[in-house]
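# Structural features, examined
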Amino acid sequence: MITTRATYREVFAVGQFRVLFTGYTLYLGGETVKMLALSVTVYAGTGSPLLAALAYVAGFLPYALGGARSCWRTPTGGRPGR
């Protein structure tokens, strides 16, 4: 069986993918601005770089905890092929 890989031109020719890609790009930019704004606000309020950094890192906790939880919930413990 011979399979060919899709090119970027072919992928972006699909209108639904362009909409999905644009939406996700805007979402990611908004999340980045949100986390930066939160850390700047914490720094302006406290003057502590440590608390500002912790506020920035706290934005990643839902993703880290969700990823860890999904590994714990799989029958193979997150390892493929077992």
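Here, every reference points to the structure presented above.
A brief report on the enclosed structure follows. Source: prediction; values computed, not measured.

## Brief notes about the environment of Leu38
- Relative to the helices and strands, Leu38 resides in helix 2 (residues 15-46).
- The class of Leu38 is partly exposed, set by a relative accessible area of 45%.
- Considered as a pair, Leu38 and Ala55 are 17 residues apart in the sequence and their alpha carbons are 6.8 Å apart.

## Regarding the environment of Gly59
- Relative to the elements of secondary structure, Gly59 occurs in the loop between helix 3 (49-58) and helix 4 (61-73).
- When its relative accessible area of 23% is taken as the criterion, Gly59 is described as partly exposed.
- With 21 residues separating them in the primary sequence, Gly59 and Leu38 have C-alpha atoms 9.1 Å apart.

## Describing the packing of helix 2 against helix 3
- The interhelical angle for the contact between helix 2 and helix 3, taken along N-to-C directions, is 155°, at an axis separation of 8 Å. By the angle class used here, helix 2 and helix 3 are roughly antiparallel. The handedness of the crossing between helix 2 and helix 3 comes out as right-handed. Of the residues in helix 3, those touching helix 2 at Met35, Leu36, Leu38, Ser39, Val42, Tyr43 and Thr46 are Pro49, Leu51, Ala52, Ala55 and Tyr56.
- Counted by class, the contact of helix 2 with helix 3 contains 10 nonpolar, 2 polar and no charged residues.

## With respect to the pattern of salt bridges
- Tallied over the entire structure, the rule returns 1 salt bridge.
- Lys34 is the salt-bridge partner of Glu31, the closest N and O atoms lying 3.1 Å from each other. Of this pair, Glu31 and Lys34 are both found in helix 2, 3 residues apart, which corresponds to roughly one turn of the helix.

## Observations concerning a nonpolar patch on the surface
- Judged by side-chain polarity, Tyr8, Phe12, Val14, Phe17, Leu20 and Phe21 come together as a nonpolar surface patch covering roughly 620 Å² of accessible area.
- Looking at the nonpolar patch, the elements with two or more residues in it are helix 1 (8-12) and helix 2.
- Looking at the nonpolar patch element by element, the count peaks at 3 residues for helix 2.
- The residue Val14 is located in the loop between helix 1 and helix 2 in this model.
- Residue classification places Val14 among the partly exposed positions, given a relative accessible area of 40%.

Reading the values: rules and limits
- Residues numbered from 1 in each chain as written.
- Predicted model: local features only at pLDDT ≥ 70, side-chain atom pairs only at ≥ 80, totals over all residues.
- Heavy atoms only, no water.
- Helix = DSSP H or I, 4+ residues; strand = E, 2+ residues; numbered from the N terminus.
- Buried < 20%, exposed > 50% of the residue type's maximum accessible area, 1.4 Å probe, protein only.
- Axes fitted to C-alpha atoms, helices over the stretch in contact; angles between N-to-C directions.
- Parallel < 35°, antiparallel > 145°, perpendicular 65-115°, else oblique.
- Left-handed = near helix turned anticlockwise from the far one by under 90°.
- Contact = heavy atoms within 4.5 Å.
- Nonpolar A, V, L, I, M, F, W, Y, C, P; charged D, E, K, R; others polar.
- Salt bridge = Lys/Arg side-chain N within 4 Å of Asp/Glu carboxyl O.
- Patch = residues over 30% accessible without salt bridge, like charges linked within 9 Å, V, L, I, M, F, W, Y side chains within 5 Å.
- Areas by Shrake-Rupley, 256 points an atom, 1.4 Å probe, with all protein chains shown as cover.

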